[in-house]
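The residues making up each chain are set out below.
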Amino acid sequence: MMPHLPSLIRHRLAIALLPFTLLSAIALNSPLPSARGQTADQNSLIINSDVQEANSQTGIFTARGNVQMNYPARQIQATAAQAQYFSEERRIILSGDVYILQQGNSIRGENVTYLIDEGRFIATPKANQQVQSIYIVSDPNPNQLPGTPPAPAVPPLAPNPGS
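Keep in mind that what you see is a predicted model, and the values were worked out from it rather than measured. (Residues numbered from 1 in each chain as written. Predicted model: local features only at pLDDT ≥ 70, side-chain atom pairs only at ≥ 80, totals over all residues. Heavy atoms only, no water.)

**Student:** Is there a simple way to think about unusual backbone geometry in this case?
**Tutor:** The general pattern is negative phi for most residues beyond glycine and trans for most peptide bonds. Even without a glycine there, the phi angle at Asp97 is positive, about 50°. In this structure Asp97 comes out as exposed when scored by relative accessible area, which is 57%. (Buried < 20%, exposed > 50% of the residue type's maximum accessible area, 1.4 Å probe, protein only.)

**Student:** What is the right way to look at the pairing of strand 5 (residues 91–102) in this model?
**Tutor:** Two faces make up the sheet, and in a regular strand the side chains alternate between them. Of the strand pairs in this sheet, strand 4 (residues 76–86) and strand 5 are connected by 9 bridges, and their pairing is antiparallel. Bridging across to strand 5, Thr79 finds its partner in Tyr99. Here strand 4 folds back onto strand 5 in antiparallel fashion, the turn holding 4 residues, of which Arg90 has a positive phi close to 55°. Pairing geometry for strand 5 and strand 6 (residues 105–115), over 10 bridges, is antiparallel. Its bridge partner lying in strand 6, Gln102 is registered against Asn105. Counting the residues in the hairpin turn of strand 5 and strand 6 gives 2 residues, including Gln103, whose phi is positive at 50°. (Pairing = 2+ DSSP bridges. Helix = DSSP H or I, 4+ residues; strand = E, 2+ residues; numbered from the N terminus.)

**Student:** Quick question: what am I supposed to make of the nonpolar core here?
**Tutor:** Soluble, globular proteins show a tendency: their nonpolar side chains are buried together. Residues Met69, Ile76, Ile92, Leu94, Val98, Ile100 and Tyr114 are the most contacted members of the largest nonpolar core, which totals 17 residues. Going through the elements one at a time, strand 3 (60–71), strand 4, strand 5 and strand 6 are the ones with two or more residues in this core. Not counting residues within four places of it along the chain, the set of residues in contact with Leu94 comprises Met69, Ala78, Ala80, Gln82, Ala83, Ile100, Glu110, Asn111 and Val112. (Core = buried A, V, L, I, M, F, W, Y, C linked by side-chain atoms within 4.5 Å. Contact = heavy atoms within 4.5 Å.)

Right under this line is the structure:
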């Protein structure tokens, strides 16, 4: 340590510096009073993954590995191997076994691009496969065949006067 100082001076110096050392350790380990974490709201794009990178110069955010995306403003939930958010172009590219669910409708593909301002998905499959979409279609007459007139309403039975 300081071999040229007598041991009594070294001991007193260590005791004198102890409060400053403790204060420094406490100050460095406590959160800054002005630092606040963001909270998710309706306009948040929430992405969970194994690895994430953000490039402030290009405005590109990349998430890799077990990606789970939630975009409450558009009621979108998605899973993929990778997601890239291009903040300047306002587009999200999901790749690797993509599954997207939006208001009960779903789409599966190898790559899906979501154009935020247009609210449009562009999906491509793996080689020699297809994209699959499942849409909920509201149908007021699910039993009526297309091109046939609706069945006439059956009048209620009149009471039998003889009974």
